[in-house]
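Take a look at the letters that make up each chain.
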Amino acid sequence: MSATPIIEVDSVSMRFGGLVAVSDVSLTVDGGSITAVIGPNGAGKTTLFNAITGVYDPSAGRVLIAGRETIVPLDARAWRSIFLYGIASAFLAAVFLNVEEIWLSAVTENYVYLKPFPWLEGVGDAGALVIAHGGWAALVGGVVGAAGRWAIWSRTRRTPEIVAESGVARTFQNIRLFPELSLAENVMVGMDRRMHAGFFASLFRLPNAALERQKAREEATRLIEFVGLGSSVDVRARNLPYGHQRRLEIARALASRPAVVLLDEPAAGMNPTETVELMELIRRIQGTGTTVVLIEHHMRVVMGISEKIAVLDHGEKIAQGTPTQIRNDPKCIEAYLGKEELG
Amino acid sequence: MGTTSRATYKPAGLLSRGQCLLFGALLLIPCIELLFDLGISAPTRFVLGFAIVGIGLNVVVGFTGLLHLGIAAFMAIGAYAFAILTCTIYPFQLGFWPGLFAALCIGALAGAFLGAPTLRLRGDYLAIVTLGFGEIVQDLLKNLEPITKGTQGINPLPAPWFFGLTFASDTPKSWYFLYLAILILCTILVRNLEHSRVGRQWFAVREDELAARCMAIRPDKVKLTALAVGAGLAALGGALLASLISSTGEPGNYDFQISILALCIVIVGGIGSMTGVIVGALVMVGMNSILLPILGQKLQQAGIGTTTSVYLAPDNYKYLLFGLALVLMMRFRPKGIVAAREEDH
Amino acid sequence: MFDWFDSDVLLQQLLLGLSNGMIIALIALGYTMVYGIIELINFAHGDLFMLGSFLALTLVGAAMNCGLVDPALMGESSHWWLLGTLVVVCGIFCGGLNLCIDHFAYKPLRRASKLSQLVAAIGVSFIIVNLGLFWGGLPMEVLGGGGAAAAPKDFPHLVSDVNLLGEESFVVMTWNDVVIFVVTIPLMIGLTLFVKFTKLGMAMRATAQHATAARLMGVDVNKVIAATFAIGGFLGGAASVLYANYNSTVSFQMGFRAGMDAFTAAVLGGIGSLPGAMLGGLLIGLVRAMSDQYVGSEWTNVVVFSLLVLILIFRPTGLLGLKQREKV
């Protein structure tokens with residue numbers, strides 16, 4: 001299969017204080033494939049997932065999704081936002097620091113007893129006063145506002161929501177559902193990326209919002225059936241048994257119609273029957289054209305479904321290849337079974 | 001485990017069953033008073049005003065999971081905006097309904113302005129920022145004396161009117177019905193939000209912010225909407241309460257104690273449940289504005305309550321009661337009197 | 001150039017700011033320690049501080065009644081022994097009370113959501129405020145005879161009011177200033193050494209880093225939390241005596257304001273960081289003093305709030321705080 005790469009991890013390192021959790025790992029995931037990341041506990045697999053999905057910012061290296069770096073560029077949009085915040089806070093500062101004078105000239109002096117208030121003149125006078133006296137306040141306020149916006153912007157250039165926006169969905173090793181929401185609602189949160197209903201449409205229950213909700217619910221029901229949890233869409237997620245929670249998490253991830261879905265130990269805690277069903281499910285996900293990356297300990301799952309395997313140990317990638325290659329790789333055997341005693 | 005199959009699914013109605021019952025009961029109060037004069041529909045109007053504030057705060061605390069400790073500031077903003085735009089000593093004199101609408105919008109804007117720079121912060125920092133905001137709004141209202149009349153408060157404020165009906169202090173029943181209608185309208189609209197994409201985003205952020213972010217939900221936008229809705233409704237409630245007493249009262253009236261009263265309304269009633277919030281308003285405001293003053297009067301009449309002893313004035317137990325309500329509810333019934341989401345459909 | 005700029009005024013405000021700042025820092029330590037360990041804003045801490053100052057005032061009154069000190073000499077001669085005793089007694093009182101609060105109000109909620117814990121803390125704070133109100137209504141001469149419970153009470157100067165810089169000096173510095181530094185600096189140094197070098201201090205730092213890991217390593221987390229509350233309370237109690245003595249007034253509502261300032265200081269310095277709380281307290285004290293003088297005291301709260309918002313925007317971890325990551 002000569003597919004284009006969907007995820008390119010380019011020499012990513014993650015350091016926490018002195019601890020190096022992931023060290024210089026590069027990894028390519030082909031579009032439409034099933035790739036597994038394996039390794040002993042503490043090898044840095046979940047950390048790598050976190051770095052890919054934007055939960056952590058890599059200490060070094062970069063991650064490309066569909067050939068693009070998922071980082072908010074310092075483009076016209078960013079500048080516009082900084083500019084608008086600057087203007088708004090300049091205006092606020094200028095008004096606030098002169099508010100008593102503005103009140104006097106715009107309101108008190110324009111008011112003639114028993115006549116309606118001349119709004120236009122009032123606003124005009126207020127504007128004139130702000131322009132005449134608000135210079136310094138506006139300058140300082142504007143600089144602070146723009147700088148503040150810039151500071152916030154630069155802290156949030158690569159966040160989970162931005163990565164998710166580019167078509168990456170994930171599940172979590174220790175399941176993170178929305179426990180008080182129903183199954184359908186959990187999945188509908190996943191669909192949020194594709195929904196359009198705005199605030200006022202929701203507030204007044206306008207027909208388009210109601211229709212969208214209805215359709216989303218139907219699709220959610222289908223997805224819940226797809227992962228094998230039919231018929232109980234209105235049960236609260238926290239009431240589900242553990243294995244079902246894992247599947248619901250997968251349904252929620254799929255709901256955003258991602259290009260690639262990252263599954264963090266999907267088979268953990270599942271019995272053999274459930275595991276077989278899970279493998280079947282993952283194949284069906286691949287069948288819909290979605291790329292699958294998974295972290296897994298069940299070798300049966302890994303060897304059974306993945307087309308490519310990457311092996312991590314102590315934060316470094318020690319091998320990559322097809323299941324057959326990995327099975328015969330001495331380094332992998334050593335990582336899993338320990339070094340053969342000599343002599 | 002309540003299981004509903006797909007066939008029986010209906011979209012949420014305008015009001016839940018619990019809400020219908022509750023509003024029905026509230027509608028009955030003045031009707032009963034036609035027969036027996038209990039004199040409670042007049043003070044119950046305050047409950048209705050606070051219930052609207054509570055519904056607003058519930059959007060922030062109950063739906064979105066953000067601790068807001070300065071909701072009184074938005075009540076003050078609403079009351080003062082309403083007062084300045086309607087009071088006859090100011091030039092604008094917009095009248096009751098435009099003034100009310102403007103108060104709502106100004107409150108929502110103020111909420112958004114407070115939220116915009118601070119919403120990306122960790123949850124507890126937001127509690128402190130809202131708390132501080134609650135304090136400085138009082139300071140601002142006091143300090144900007146030429147505009148706000150300082151500590152005097154603004155009065156008189158217009159009473160509502162409605163298609164030829166005018167309201168005055170001697171017609172508390174029609175006034176009561178009007179406020180109840182506004183409360184029902186607010187409940188329906190917020191319920192629409194609750195059962196829409198907007199509400200789902202609020203819940204997702206409350207339940208697990210990181211998981212929500214990994215589903216491409218922008219928590220800052222979601223929280224900003226919640227904060228603006230909460231502030232807008234609090235401002236509306238503040239304006240309604242001010243109209244009721246025909247004065248904004250002094251800025252110091254909108255202090256931390258009022259913010260906590262509103263928080264008690266949400267928590268005692270049932271965090272995240274609008275039915276609960278209205279019940280909470282009945283309990284807390286009923287205690288605060290009806291029971292304690294009556295008890296004080298009775299004690300005074302019986303000659304027990306002297307003005308000199310701090311221990312015999314029921315009013316002096318307010319802090320204790322609020323505090324105990326919060327501590328005990330958290331300890332023994334964290335979901336409140338009416339638990340959320342058991343009353344949904 | 002600026003006619004309002006007078007070096008004497010500036011010096012006086014600096015001194016005032018530093019003195020109040022040291023007190024704020026001492027309260028802030030109580031907030032930051034508790035937050036560092038269980039991520040709870042101990043809302044009741046400021047009110048605990050208020051209760052401490054009520055105890056101090058009551059004890060001063062008792063000492064007067066027993067004839068141990070002469071009310072006429074208050075502010076003239078120094079009663080070092082009384083001040084020292086009060087610092088220790090009020091410290092122990094507040095520490096013990098904080099311990100009880102944790103045990104009865106917070107401990108049962110340890111596994112509940114952070115929101116519930118914070119709400120419970122606010123509830124405790126309100127209960128204590130009411131206790132303060134009732135305490136103020138006790139029929140004692142220093143408390144105003146029980147007539148006006150809610151009124152602020154005068155707190156006599158326990159040490160001499162004589163200006164140490166000489167009679168002619170415009171800047172006034174008395175033993176009341178000095179005593180603040182004499183008490184707070186050793187307490188802060190002691191706390192730092194304690195946390196750095198003792199076994200319990202090490203356990204505290206470990207718990208703050210990762211409570212579960214600390215527990216697995218054999219740290220008794222409950223003991224650590226209790227110790228944190230006790231120490232934080234002790235510092236608050238000590239601060240309450242200094243505050244009452246320095247500002248000469250005690251009121252049942254003062255805990256709220258002091259708590260706000262102290263928590264702002266803790267956030268400013270970086271919550272969870274001990275040196276951060278000290279630095280933040282000093283800064284808040286100085287900013288308040290400067291703003292009182294040069295902006296107008298009615299705007300001081302606005303200035304402090306703006307400062308808080310700016311810090312949170314530009315440096316959300318505070319001046320000395322470290323970035324925290326969410327565990328996934």
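All values reported here derive from a predicted model rather than from experimental measurement.

Each value, and the rule that gives it
Residues numbered from 1 in each chain as written. Chains lettered and ligands numbered in written order. Predicted model: local features only at pLDDT ≥ 70, side-chain atom pairs only at ≥ 80, totals over all residues. Helix = DSSP H or I, 4+ residues; strand = E, 2+ residues; numbered from the N terminus. Rg over C-alpha atoms; globule rule 2.2 N^0.38 Å. Buried ≥ 20, exposed ≤ 12 C-beta atoms within 10 Å, placed from the backbone. Contact = placed C-beta atoms within 7 Å. Core = buried A, V, L, I, M, F, W, Y, C linked by C-beta atoms within 7 Å. Domains from an automatic or database assignment. Pairing = 2+ DSSP bridges. Axes fitted to C-alpha atoms, helices over the stretch in contact; angles between N-to-C directions. Parallel < 35°, antiparallel > 145°, perpendicular 65-115°, else oblique. Left-handed = near helix turned anticlockwise from the far one by under 90°. Expected span 1.5 Å × (residues − 1). pLDDT = per-residue confidence, 0-100. Nonpolar A, V, L, I, M, F, W, Y, C, P; charged D, E, K, R; others polar.

Caption draft 1: Just the overall build of chain C, in detail. Check the secondary structure of chain C and you find 11 helices and two strands. Moving toward the C terminus, one meets the helices and strands of chain C in the order α-α-α-α-β-α-α-α-α-β-α-α-α. The C-alpha radius of gyration computed for chain C amounts to 20 Å, which stays within 12% of the reference 20 Å derived for 328 residues, consistent with globular compactness. Counting only C-alpha atoms and orienting by the principal axes, one finds that chain C spans roughly 65 × 55 × 35 Å. Within chain C, the proportion of its 328 residues that are buried is 50%. Contacts spanning at least 24 positions in sequence make up 75% of the contacts within chain C whose residues lie at least 6 apart.

Caption draft 2: Quick peek at the overall build of chain A. A tally of regular secondary structure across chain A gives 14 helices and 10 strands. For chain A, the C-alpha radius of gyration of 27 Å lies well beyond 20 Å, the compact-globule estimate for 343 residues. Each principal axis of the C-alpha distribution contributes one length, and for chain A these read about 100 × 50 × 35 Å. In chain A, buried positions account for 42% of the 343 residues. The contacts of chain A with a sequence gap of at least 6 include a subset with a gap of at least 24, amounting to 73%.

Caption draft 3: Inspection of the nonpolar core at higher detail. Core analysis: the biggest nonpolar cluster contains 302 residues, and M75, A235, C264 and L326 of chain B together with A238 of chain C have the highest contact counts within it. The element that contributes the greatest number of residues to this core is helix α10 (residues 219-245) of chain B, accounting for 15 residues. Mapped onto the domain boundaries, this core takes at least three residues apiece from domain 1 (1-68 + 260-343) and domain 3 (179-257) of chain A. Counting residues in each nonpolar core, the second largest holds eight residues, with A94, A106, A126 and V130 of chain A among its members.

Caption draft 4: The domain arrangement of chain A, seen in detail. Domain annotation of chain A identifies domain 1 (1-68 + 260-343), domain 2 (76-155) and domain 3 (179-257). Taking the mean C-alpha position of each, domain 1 of chain A and domain 2 of chain A sit 54 Å from one another.

Caption draft 5: Representation of the sheet that holds strand β9 (residues 308-313) of chain A within the structure. Residue and element names in this part refer to chain A. One open sheet accounts for six strands, arranged β6-β7-β8-β3-β9-β10; its pairing is mixed. Two strands in the sheet have a free side with no partner beyond their single neighbour: β6 (168-170) and β10 (316-321). Within the sheet, the average angular offset between the axes of one strand and its neighbour, ignoring direction, is 20°. One ladder, built from five bridges, connects strand β7 (residues 260-264) with strand β8 (residues 291-295); its direction is parallel. Each residue of the ladder has a partner; that of V261, found in β8, is V292. Helix α1 (residues 45-53) rests against β3 (34-38), β6, β7, β8 and β9 of the sheet, and its axis sits at about 150° to β7. Sitting on the sheet, helix α11 (residues 272-287) is in contact with β3, β7 and β8, with an inclination near 150° to β8.

Caption draft 6: Geometry of the sheet that holds strand β1 (residues 5-16) of chain A. Strand order in the open sheet formed by four strands is β2-β1-β4-β5 (chain A), and the pairing between neighbours is antiparallel. Taken across any chain shown, the strands that pair with only one partner, and hence form the sheet edges, are β2 (19-30) and β5 (68-69) of chain A.

Caption draft 7: Main features of the environment of I284 of chain C. Residues and elements named next belong to chain C. Residue position: I284 is located in helix α10 (residues 274-296). By C-beta crowding, I284 is classed as buried, having 28 other C-beta atoms within 10 Å. Put simply, I284 and G321 are 37 residues apart on the chain and 17 Å apart in space, counted from C-alpha to C-alpha.

Caption draft 8: Structural context of the packing of helix α2 (residues 45-65) of chain C against helix α9 (residues 254-269) of chain C. All names here are of chain C. α9 packs onto α2 with a crossing angle of 130° between their chain directions and a minimal axis gap of 7 Å. Overall, the two elements α2 and α9 adopt an arrangement that is oblique. Between α2 and α9 the crossing geometry is right-handed. Taking contact as the criterion, the partners of H45, G46, D47, F49 and M50 in α2 are, on α9, M254, G255, F256, A258, G259 and A262.

Caption draft 9: Broad picture of the pairing of β9 of chain A. Residue and element names in this part refer to chain A. Within β9, five of the six residues are buried, which leaves it mostly tucked inside the rest of the structure. Here β3 runs beside β9; their pairing, made up of four bridges, is parallel. Bridge pairing in β9 places I38 opposite V311. Strand direction decides the pairing type here: β9 and β10, joined by five bridges, are antiparallel. Across the sheet, the residue bridging to A310 is Q320, located in β10. Between β9 and β10, which pair antiparallel one after the other, the connecting turn spans two residues, and H314 there sits at a positive phi close to 50°.

Caption draft 10: Region of interest: α1 of chain A. In terms of residue burial, α1 of chain A counts as a mostly covered element, since nine of its nine residues are buried. G54 of chain A, located one to two residues past α1 of chain A, shows a positive phi value of around 85°.

Caption draft 11: Local environment of unusual backbone geometry. Following N155 of chain B, the chain continues into P156 of chain B via a peptide bond in cis, with omega recorded as 0°. Within the fold, P156 of chain B resides in the loop between α6 (145-148) and β1 (161-162). A positive phi angle, near 35°, is found at S11 of chain A, a position not held by glycine. On the secondary structure map, S11 of chain A appears in strand β1. Look at S11 of chain A and you get partly exposed, because 13 C-beta atoms sit within 10 Å.

Caption draft 12: Broad picture of helix α5 (residues 175-197) of chain C. Residues and elements named next belong to chain C. Helix length check: α5 (23 residues) gives 33 Å between terminal C-alpha atoms against 33 Å at 1.5 Å per residue, within 8%. The set of residues buried in α5 consists of W175, N176, V179, I180, V183, T184, L187, M188 and L191. The inward-facing, buried residues of α5 abut α1 (7-38), α3 (80-106), α8 (221-247) and α10.

Caption draft 13: Layout of the environment of L48 of chain B. Residues and elements named next belong to chain B. Its location among the elements puts L48 in helix α2 (residues 41-63). A count of 27 C-beta atoms within 10 Å places L48 in the buried class. Sequence separation between L48 and P91 is 43 residues; the distance between their C-alpha atoms is 30 Å. Contacts of L48, omitting those with residues within four sequence positions, involve Y179, L180 and L183.

Caption draft 14: A look at the confidence of the model for chain C. Mean pLDDT over chain C: 87, with 95% of residues reaching 70 or higher. Confidence estimates for the predicted assembly give a pTM of 0.90 and an ipTM of 0.90.

Caption draft 15: How the structure looks around the environment of T32 of chain C. All names here are of chain C. Among the structural elements, T32 can be located in helix α1. On the basis of neighbour count, T32 is assigned to the buried category, with 31 C-beta atoms found within 10 Å. Separated by 230 residues in sequence, T32 and A262 place their C-alpha atoms 9.3 Å apart. Among residues more than four places away in sequence, those in contact with T32 are A266, I271, G272, S273, L274, G276 and A277.

Caption draft 16: Inspection of the packing of α3 of chain C against α8 of chain C at higher detail. Residues and elements named next belong to chain C. In contact at an axis separation of 6 Å, α3 and α8 are set at 140° when each is read in the N-to-C sense. Accordingly, the angle class assigned to the pair α3 and α8 is oblique. Remark: the crossing between α3 and α8 carries right-handed chirality. Across the contact of α3 with α8, the residue classes break down as 17 nonpolar, nine polar and one charged.

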